[in-house]
Each structure stands twice: as C-alpha cells, then as structure tokens.
Amino acid sequence: MALPKIDLGSCVGCGNCVEACPNGVLVVEDELARVANPDECIECGLCAEECPTDAIAF
C-alpha cells in the first residue's frame, strides 16, 4: 500500500488535505500535515489534488 508522502519543507499546514480525505488519514499538527491513520488510506489521491503547494505525493 502506498501512503501519501508529505514534503514538510513545502507543507504550509493549510488543512486542505485533511478536509479532502474521506477517511481521516491526515491531521495537521504543529502547523504541518502528517499521516495519522495509515490503515485507513485508500490511495484515492484527493489529498494530493487539494494541496496548494504540491507537498503531497504517492
């Protein structure tokens, strides 16, 4: 299973990815996105599509 990879140098902590994810895989902590629930990821890519800085990839 591929999980979203977050480039912490590009992440601005906006939360768009968290809102886009249908399964609550991501959270924003300390102003950066991170994978909190990896087992729930269905690799839909919505988080990456909504990231304004292209900080998320699979």
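Everything numeric here is computed off the predicted structure, so don't read it as measured data.

Rules of the game
- Residues numbered from 1 in each chain as written.
- Predicted model: local features only at pLDDT ≥ 70, side-chain atom pairs only at ≥ 80, totals over all residues.
- Heavy atoms only, no water.
- Salt bridge = Lys/Arg side-chain N within 4 Å of Asp/Glu carboxyl O.
- Buried < 20%, exposed > 50% of the residue type's maximum accessible area, 1.4 Å probe, protein only.
- Core = buried A, V, L, I, M, F, W, Y, C linked by side-chain atoms within 4.5 Å.
- Contact = heavy atoms within 4.5 Å.
- Helix = DSSP H or I, 4+ residues; strand = E, 2+ residues; numbered from the N terminus.
- Pairing = 2+ DSSP bridges.

### Describing the pattern of salt bridges
- Tallied over the full model, the rule gives 1 salt bridge.
- We note a salt bridge from glutamate 29 to arginine 34, for which the minimum N-O separation is 2.6 Å.
- Judged by relative accessible area, glutamate 29 falls into the partly exposed class, the value being 39%.
- Classification of arginine 34 by relative accessible area gives partly exposed; the value is 36%.

### With respect to the nonpolar core
- One finds Ile6, Cys11, Cys17, Cys21, Val25, Leu26, Ala33, Cys41, Cys47, Cys51, Ala55 and Ile56 forming the largest nonpolar core, which totals 12 residues.
- Among residues more than four places away in sequence, those in contact with isoleucine 6 are Cys11, Leu26, Ala33, Arg34, Val35, Ala55 and Ile56.

### Some remarks on the environment of valine 27
- Here valine 27 shows up in strand 2 (residues 26–29).
- Overall, the relative accessible area of 24% leaves valine 27 in the partly exposed class.
- Considering only alpha carbons, one finds valine 27 and glycine 15, 12 residues apart in sequence, at a separation of 7.6 Å.
- When near neighbours in sequence (up to four residues on either side) are disregarded, valine 27 contacts Val18, Leu32, Ala33, Arg34 and Ala36.

### Describing the environment of glutamate 19
- Relative to the helices and strands, glutamate 19 resides in helix 1 (residues 16–20).
- For glutamate 19, a relative accessible area of 69% gives the class exposed.

### Considerations on the pairing of strand 3 (residues 32–35)
- The pairing of strand 2 with strand 3 spans 4 bridges and is classified as antiparallel. Bridge pairing in strand 3 places valine 27 opposite arginine 34.
- Hairpin connection from strand 2 to strand 3: 2 residues lie between these consecutive antiparallel strands, with aspartate 30 at a positive phi of about 55 degrees.

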